[in-house]
Every structure is written in structure tokens, then in C-alpha cells.
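Structural features, examined
For reference, the chains in residue letters:
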Amino acid sequence: MPPSCFHTVHTGLPVSKQAVTKAAKNSTKNSAGTATKTTKKTTKKTTKKAAKKTAGRAASRTSTNRPIVLRGARQHNLKEVDLELPRNKLIVFTGPSGSGKSSLVFDTIYAEGQRRYVESLSAYARQFLERMDKPDVDFISGLAPAIAIEQKTVSRNPRSTVATQTEVYDHLRLLYARVGKTISPISGEEVTRDSPRSVATAIASTLGDGARFYLCLDFPDRKGIPVQRELESLVARGFSRILVRPTDAQAA
């Protein structure tokens, strides 16, 4: 057998070295081509996803800035009212009695937005919100979920503010309780939670070594209970000494 040929282990057929080299080169090219194609596909997918996210963000910004559009509002005494209201603005409706302010604000704009808002709340919060009929209007767009607080002197609803109706109050109360700092209006210092150990450490830090002090409390003054009974009660609880402070005249 010529030295330029050899037998493969698996098939036992003679294969030239040049054929093996060409096959190896072709395999390498195919692998490189496959890797390049895979990389291009992955890059295209990543680019498409990034483009979709950017378009979604732009659409979201556009939707939040677009005005509230009403067409053909006929609720109660409204006569085919067409209106455009800007978003993120404080808008005031004024006019004489019976001009349709409440019909436009409460019975049209709020009634349509309230339905969308109620769907986003929990079942517990829904029981505090009244259900309103669908307003008589041809078209409303750009309307976000809405709530309404009417001006009343007496309110039977325990959730009568914006914070309580939106359930933001519960979260704010928890946030202030955990993160906020309470400042004493008398001393101006921060109010902290103490324990017997922390109080003892604070007192010991203000006294010198070997100093003696009394920890006293005011004598209980409850109506209908004589002083003798109070003294007997204090003795039974372990108190053995009473410190009598002088009056202002005696101190002078």
C-alpha cells in the first residue's frame, strides 16, 4: 500500500490525506458560516426587541400627553357638547346654576373614567364606590381612571378623601411609620422607641461613677380612693419610700 494512503478506523476504506484535509476545511467553513448566521439572527432579534421597547415607550409618552376628547355629550341638559381637555393640568369648570357643570364633570367625564378605575381596585375598595350609569356620549378618548370627591358637609363614607379612596393612605401610613421620624413638639428632639435597657444606659451615661439617683413617679391621685389605700397598694407592690417635694413657697 502506498505511504500516501491510510485506513480509517471506522470504515476501513482507503482515504487520501488531501480528501481529509478538504473535508476538514469544508467542515470548518460550514461551522463558521453557521456561527455567523446564528450571530446575525441573534443580533437582529435583539435589535427588533430594542426597537419595540423604544416604540412602546414613545407610544406611552404620547398617550399620557394626548388630550381628553369628548364628542357629542348629551347627558342631562348638555346639547351635543364637543370638548378637548389637556392632560396633567388643573381645570376648573365655572358657570351659573343649571349650566351643566355637574352633568359634564360628574355624570359624563367621571362616570366613564370611574368604571375603568373600579376595575383596577380590590373587591374591598369597590364596596365604598358608588356605581354610575354609562353617560350619554358619542365618543370619549384619552380618559384615564378617575375618582370624584364631592363637597359635602356630612359624609357617611369613611373613605372620603383622595388618599383613602385610592388606598394610597394605607401605604403612606405604613411608610411614614417605618421610615419617617417623629419630632417632639416640646423638646424638638426625635422620638425613639425605648426599652428598660436603653433608658438605663441613657441615665448611666449622664452620671458619674458611684453616683446615686432616685427613679420616681407621681403619686396616684384617683377620685374616690383614699390616700391610705393608695399607700397600702404601693407598699404591696414593693415601694418603700416616698419623696415629698416642697411647694413653691417652701422652695422660696
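Structure first, text after, so check above.
Below is a summary of the structure that appears in this document. Please read all numbers here as calculations on a predicted model, not as lab measurements.

Notes on the overall build of the protein chain
Per the secondary structure count, the protein chain includes 8 helices and 7 strands. Here the protein chain, with 252 residues, has 15% of them falling under the buried criterion. Here the analysis covers contacts within the protein chain between residues at least 6 apart in sequence; of these, 46% occur between residues at least 24 apart. Carbon and sulfur atoms form 56% of the exposed surface of the protein chain, whose accessible area is close to 21,200 Å².

Here we look at the pattern of salt bridges
Overall, the coordinates contain 6 salt bridges when judged by the stated rule. Put simply, Asp-136 and Arg-74 hold a salt bridge, and the shortest N to O gap is 3.1 Å. Of this pair, Asp-136 sits in the loop between helix 3 (123–126) and strand 5 (137–141) while Arg-74 sits in the loop between strand 3 (68–73) and strand 4 (81–85), and the two are 62 residues apart along the sequence. Asp-136 sits in the partly exposed class, given a relative accessible area of 33%.

Overview of the pairing of strand 3
Most of strand 3 sits out of view: 5 of its 6 residues are buried. Sheet topology places strand 3 next to strand 4; 4 bridges connect them, and they run antiparallel. Counted as the bridge partner of Ala-73 is Val-81 from strand 4. Pairing between strand 3 and strand 5: 4 bridges, direction antiparallel.

Quick word on the environment of Glu-119
Note that Glu-119 resides in helix 2 (residues 101–119). Overall, the relative accessible area of 55% leaves Glu-119 in the exposed class. Remark: the alpha-carbon pair of Glu-119 and Pro-145, spanning 26 residues in sequence, is separated by 9.2 Å.

Notes on the nonpolar core
Ranked by size, the top nonpolar core spans 10 residues in total: Ile-68, Leu-70, Ala-73, Leu-78, Leu-85, Leu-104, Ile-109, Val-137, Ile-140 and Leu-143. Listed by contribution, the elements that provide at least two residues to this core are strand 3, helix 2 and strand 5. The biggest single contributor to this core is strand 3, with 3 residues. Residues contacting Leu-85, with those up to four places away along its chain left out, are Pro-67, Ile-68, Ile-91, Phe-93 and Ile-109.

Quick notes on the sheet that holds strand 5
Taking strand neighbours across the sheet as the criterion, the 3 strands line up as 4-3-5 in an open arrangement whose pairing is antiparallel. Strands with a single pairing partner mark the edges of an open sheet, and in this sheet they are strand 4 and strand 5. Looking at each pair of strands side by side, their axes are set apart by 5 degrees on average, direction ignored. The strands that helix 2 touches are strand 3, strand 4 and strand 5; relative to strand 3, the one it contacts most, it runs at about 120 degrees.

Some remarks on the layout of surface pockets
In this approach a probe as big as a water molecule rolls over the atoms, and the regions it shows empty are the leftover space. Empty space within the largest pocket amounts to approximately 710 Å³. Taken together, 25 residues form the lining of the largest pocket, with Ile-91, Phe-93, Val-105, Ile-109 and Ile-147 sitting closest to its centre. Here the lining of the largest pocket takes 7 residues from helix 2, the largest share from any one element. Split into classes, the residues belonging to the lining of the largest pocket amount to 19 nonpolar, 3 polar and 3 charged. Forming the walls of the second largest pocket are 15 residues, and the residues nearest its centre are Cys-216, Leu-217, Arg-241, Ile-242 and Leu-243. Of the residues in the lining of the second largest pocket, the class split is 11 nonpolar, 1 polar and 3 charged.

Definitions and cut-offs
- Residues numbered from 1 in each chain as written.
- Predicted model: local features only at pLDDT ≥ 70, side-chain atom pairs only at ≥ 80, totals over all residues.
- Heavy atoms only, no water.
- Helix = DSSP H or I, 4+ residues; strand = E, 2+ residues; numbered from the N terminus.
- Buried < 20%, exposed > 50% of the residue type's maximum accessible area, 1.4 Å probe, protein only.
- Contact = heavy atoms within 4.5 Å.
- Areas by Shrake-Rupley, 256 points an atom, 1.4 Å probe, with all protein chains shown as cover.
- Salt bridge = Lys/Arg side-chain N within 4 Å of Asp/Glu carboxyl O.
- Pairing = 2+ DSSP bridges.
- Core = buried A, V, L, I, M, F, W, Y, C linked by side-chain atoms within 4.5 Å.
- Axes fitted to C-alpha atoms, helices over the stretch in contact; angles between N-to-C directions.
- 1 Å grid on protein atoms, 1.4 Å probe; cavity = no way out; pocket = protein on both sides within 12 Å on 5 of 7 lines; lining within 4 Å.
- Points joined across faces, edges and corners; volume = space filled by probe spheres on them.
- Nonpolar A, V, L, I, M, F, W, Y, C, P; charged D, E, K, R; others polar.

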